[in-house]
Amino acid sequence: MRKDVKIDTKKMEKEIEKTVRKLTLDEKLAMIHGATLFQSGAVERLGIPAIITSDGPMGVRAEFMSDRWIPAGNNDDMVSYLPSNSALASTWNPKLAHDMGHVLGAEARGRGKDVILAPGINIKRDPKCGRNFEYMSEDPKLAATLAVPFIQGVQENDVAACVKHFAANCQETDRLMVDEEIDDRTLYEIYLPAFKAAVQEGGAYSIMGAYNKINGYHCCENKMLLDGILRMEWGFDGAVISDWGGVHKTKEAAECSMDLEMSVFPDFDDYKLANPLKELVEKGEVSEDRIDAKVRNLLRMMYRLKMIGKHKDSRQSGAYNVPEHREAILKTAEESIILLKNENKTLPLDAKKIKKLVVIGQNAAKVHSDGGGSAEIKSLYEICPLMGLKMYLGGNVQVEYVKGYYVPEKPKTFEQNWQATSLDDLKDTNVGQAVRDEAHEHENHRKGEEERLAKLEKEKVEIHEKNRQLFAQAVEAAKDADAVIFVGGLNHDFDSEGFDRSDMKLPYEQDLLIEELLKVRKDAIITFVGGSPVEMPWRDKAQAILWSYYAGMETGNAFAKVIFGEVNPSGKLAETFPARYEDCATGKNGQFGKWGAIKLEEGLYYGYRHFDRQRITPAFCFGHGLSYTTFEYGNFTLKAEKGKNVKLSFTVKNTGKKAGAEIAQVYIAPISPSVDRPVKELKAYAKVELAAGKSKKVSLTLTQQDFAYFDEHLHDFISDAGDYEILIGASCEDIRLKGIATLA
Ligand code: BGC
């Protein structure tokens, strides 16, 4: 049972100060860099333990050997596999975000961890970013409002959330070196708000510096970011941990708020904040005070986690693989599934009317938990959609599964983890050098990427040859079934750390297969499991389209319950699904996935902010998601108080025959702004659960900050007086209610 202890800040600071004074230089240095791949150095003499970290966002990662990226091969490190952040965000449910944070924190503590390297809250700037599946949304407000309860949920287990990757880590191509040119307004309005909320509202104990550069400086040694914004403007007093291998220059990292350097190679003494820093201190080039500041930040986090200090005995012990975790995961998975299209009430299927079900597509039978990069999980189990369907229907229904398309086999090698090889080139250039050879690093990376792409091209030929027969088999099987479900999408060969997707198309010629299937079965239910948007050129021909992100160990159960109507889908898109990649802001300006440097030319206008402005209709817009019931909005009132908040209320009524939940979204649209502003921006939302025929009143408050934009000259947010349209919508395009708020 949790014993709530209130930490006396004054006493804590005093104790920390006393400890800092007792530590020798070597001991302090040991504390501020990795002593194993996932732990900092301990100081046994003073009872200061190592800080034990672990990935990651979808569950607690399996154990590695301490100095090599080789799985330890244990049988006691299987865990609950949580829905990815992209799935979680589709629920638009802060309560579930809290529950998932709580599960992750409890499992991390149960596995003896101090810091869990999650949540990933980077803004989805481009749909091709390889790690989008790990992130929440394209919208800062949605990401912020889910990150906060998630972090609180983690940390109530006496485990620190390490919120990552600070900041603007929005592409994987050249991720270690890419320099992102971002103007201040874009940074403050788009890429920083979720991190600010994580720190100020979520109370995150730690934050991870990103790999990329912002305006010429690597995030892990970026004074503007770490000192100016994070510490001074936001008042963060927790620990900054580098991404693994994210520190490049000793003096710069020493002299800014980078507290703990972690990396990927085993020569721990050569880490920048180890011997190289010691040399600089001894030569008088870096003051020891800089190291003290880092140690203080780490000790503060340890104190809060009850790793040290007088509350040590009341630290929670956590638990992993407990049934309650699986229940919470199932509930989240259920709410994360998004019904994109449903003509003629094709869904839900009536299980009683089905004697033969044909399931087509490799994602029906695939498990995904063991891939994706550092988010990989050794899941206790993972129920794939096919198993979910079979478990739901039982033995009296014939479920025929055909692969439908060919996926080249990728034997998993367990000797060497990808993480070692993907960052291998760091090794050549890092050891002991003050400045790394960037040209060399680029070349190494580029070579790897070229090889990967060449392999993909070769595979395409093989896929094409093998698909002829598989397509014919699938089409044949579909003809005489009572119902046909296609389960395709992506997998972690595409949604992955370390590289971006080369296009937004479905791999393995799935588009061709879907076209062929729809010719013989108009009612084929087209479903996907994936981590990022795909083009769906055939979408007008399909009657029902369902999307699931990687939704955790219970994916298959949630999937079956939605297909057969036991669960009424209530997920909505937390990102735009463009019709074609070229329609995106980055698809137009070409400033994504480049090597060396990118310029965020589109500024605020990416995602729905771009589609709105350019009046481009996406395939499925931000905030879109259908239900098996219908909702009506009404009784809109709003009241703007002078210099104060704007209070809104409206009702949502379930006008159909099934219980369901609606996500009502509040956008503000400035009518005559003094500066260029997005047509509309999400500022609030509410998820309303309603029995058939029932209605509920929703009351929400918009603050002055919700109306504000960032003024670069004042370096502050300001809100213009004047009229703002307040739009209440079922999605960003389906606006149901409008009103005007006048700000004095
Ligand atoms: C990733 C981080 C991860 C770290 C440790 C890095 O490659 O970018 O997200 O937490 O490795 O595995």
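Further up the page is the structure itself.
Let me begin by describing the structure that accompanies this report. These numbers were taken from a predicted model, which means no experiment stands behind them.

**What to know about the sheet that holds strand E23 (residues 722–729)**
Line of reasoning, step 1. Overall, antiparallel pairing links the 4 strands, which are arranged E19-E18-E23-E24 in an open sheet. Strand pairing shows two members of the sheet lacking a second neighbour, strand E19 (681–690) and strand E24 (735–743), which therefore form its edges. Shown here is a sheet whose adjacent strand axes are inclined to one another by a mean of 20 degrees, direction ignored.
Line of reasoning, step 2. Where strand E18 (residues 660–670) lies against E23, 6 bridges are found, and the strand directions are antiparallel. Bridge pairing in E23 places Pro670 opposite Tyr724.

**Digging into the environment of Met387**
Line of reasoning, step 1. Residue placement: Met387 occurs in helix H13 (residues 385–393).
Line of reasoning, step 2. The class of Met387 is partly exposed, set by a relative accessible area of 40%.
Line of reasoning, step 3. As a C-alpha pair, Met387 and Asp523 span 136 residues in sequence and 22 Å in three-dimensional space.

**Some details on the sheet that holds strand E4 (residues 179–181)**
Line of reasoning, step 1. A sheet is described by the order of its strands in space; here 4 strands give the open sequence E7-E6-E4-E15, paired in mixed fashion. At either end of the open sheet lies a strand with only one pairing partner, and these are strand E7 (217–218) and strand E15 (597–599).

**Examining the pattern of salt bridges**
Line of reasoning, step 1. Counted under the stated rule, the structure contains 52 salt bridges.
Line of reasoning, step 2. Linking Lys95 and Asp99 is a salt bridge whose minimum nitrogen-to-oxygen distance equals 2.8 Å. Note that Lys95 and Asp99 are positioned in helix H4 (residues 94–110) at a spacing of 4 residues, about one turn of the helix.
Line of reasoning, step 3. According to the relative accessible area criterion, Lys95 is exposed, its value standing at 54%.
Line of reasoning, step 4. For Asp99, a relative accessible area of 18% puts it in the buried group.
Line of reasoning, step 5. Between Asp706 and Lys141 there is a salt bridge whose closest N-O contact spans 3.1 Å. With Asp706 in helix H21 (residues 704–707) and Lys141 in helix H5 (residues 140–155), this residue pair connects regions lying 565 residues apart in the sequence.
Line of reasoning, step 6. One continuous salt-bridge network, built from bridges that share partners, spans Arg131, Glu134, Glu172, Arg175 and Glu497.

**Structural notes on the nonpolar core**
Line of reasoning, step 1. Counting residues in each nonpolar core, the largest one holds 211 residues, and the members touching the most others are Phe166, Trp244, Ile360, Phe528, Met536, Trp538 and Ile563.
Line of reasoning, step 2. It is H5 that contributes the most residues to this core, 9 residues altogether.
Line of reasoning, step 3. Residues within four places of Ile563 in sequence aside, it is in contact with Leu347, Pro348, Leu349, Leu389, Ile485, Ile525, Thr527, Leu546 and Tyr628.

Reading the values: rules and limits
Residues numbered from 1 in each chain as written. Predicted model: local features only at pLDDT ≥ 70, side-chain atom pairs only at ≥ 80, totals over all residues. Heavy atoms only, no water. Pairing = 2+ DSSP bridges. Helix = DSSP H or I, 4+ residues; strand = E, 2+ residues; numbered from the N terminus. Axes fitted to C-alpha atoms, helices over the stretch in contact; angles between N-to-C directions. Buried < 20%, exposed > 50% of the residue type's maximum accessible area, 1.4 Å probe, protein only. Salt bridge = Lys/Arg side-chain N within 4 Å of Asp/Glu carboxyl O. Core = buried A, V, L, I, M, F, W, Y, C linked by side-chain atoms within 4.5 Å. Contact = heavy atoms within 4.5 Å.

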